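Read off the chains here:
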Amino acid sequence: GSFYASTDGGKKWEPRKITMEDKHLNSITLLSDGKLLIAGEAGTLLLSADGGTTWQPLASPYKGSYFGALEANDKSITIFGLRGRIFRSTDGTATWTPIEVKLGEKPFQSSLMGGTKLSDGRLMLVGIQGAALLSKDNGATYQVLKTDTVRPFSAVVEGTPSSAVLLGEA
């Protein structure tokens, strides 16, 4: 539940309590409309419309942990996390639709720890067991990519055009 804010360009940081519960806050995302979205433990979703001064809890579609959020080119928002859960909002976080990903006949269940929007608009998510997912339609669907490893990935960044760099354990 740690939250620190600076009003002097990062010279001093002040701790602030932004929620009554002491849940892990795993990511913060700046949306194109200037709002901030926090994704965290036990279904924690918080939205700020004033640069982080105040925070409004959002109704969560899932009680498990979220590890990140991405905004797609069409302004839809994707949240992702524990057990491969992915949810997408096309109405600015008012409602969330679950996104099912299949690994063969079975549901994809590897926890998703990081993600990025590539310069061409594709969304990429990565996680445990060498998980890598790619969406070419603003997060409406995902394809599972083969990575030839079971080591966990925690982050992904864009490399050279049409490539990505996956980061993780070992």
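Look above for the structure.
Residues numbered from 1 in each chain as written. Predicted model: local features only at pLDDT ≥ 70, side-chain atom pairs only at ≥ 80, totals over all residues. Heavy atoms only, no water.

Peer 1: Help me get a handle on the pairing of strand 8 (residues 77-81), residues and values and all.
Peer 2: For a regular strand, side chains alternate in direction, first toward one face of the sheet and then toward the other. Counting buried residues along strand 8, five of its five residues qualify, which places the element largely inside the surrounding structure. Across the two faces of strand 8 the burial is the same, with Ile77, Ile79 and Gly81 and Thr78 and Phe80 all buried. When strand 7 (residues 66-71) meets strand 8, the two strands line up antiparallel, connected through five bridges. The residue bridging Tyr66 from the neighbouring strand is Gly81, located in strand 8. Where strand 7 folds back onto strand 8 in an antiparallel hairpin, the turn is made up of five residues, including Lys75, whose phi is positive at roughly 75°. Here four bridges tie strand 8 to strand 9 (residues 86-89), and the two strands are oriented antiparallel to one another. Within strand 9, the position partnered with Thr78 by the bridge is Arg88. With antiparallel pairing between neighbouring strands as the criterion, strand 8 and strand 9 make up a hairpin whose turn holds four residues, including Arg83 at a positive phi of roughly 60°. (Buried < 20%, exposed > 50% of the residue type's maximum accessible area, 1.4 Å probe, protein only. Helix = DSSP H or I, 4+ residues; strand = E, 2+ residues; numbered from the N terminus. Pairing = 2+ DSSP bridges.)

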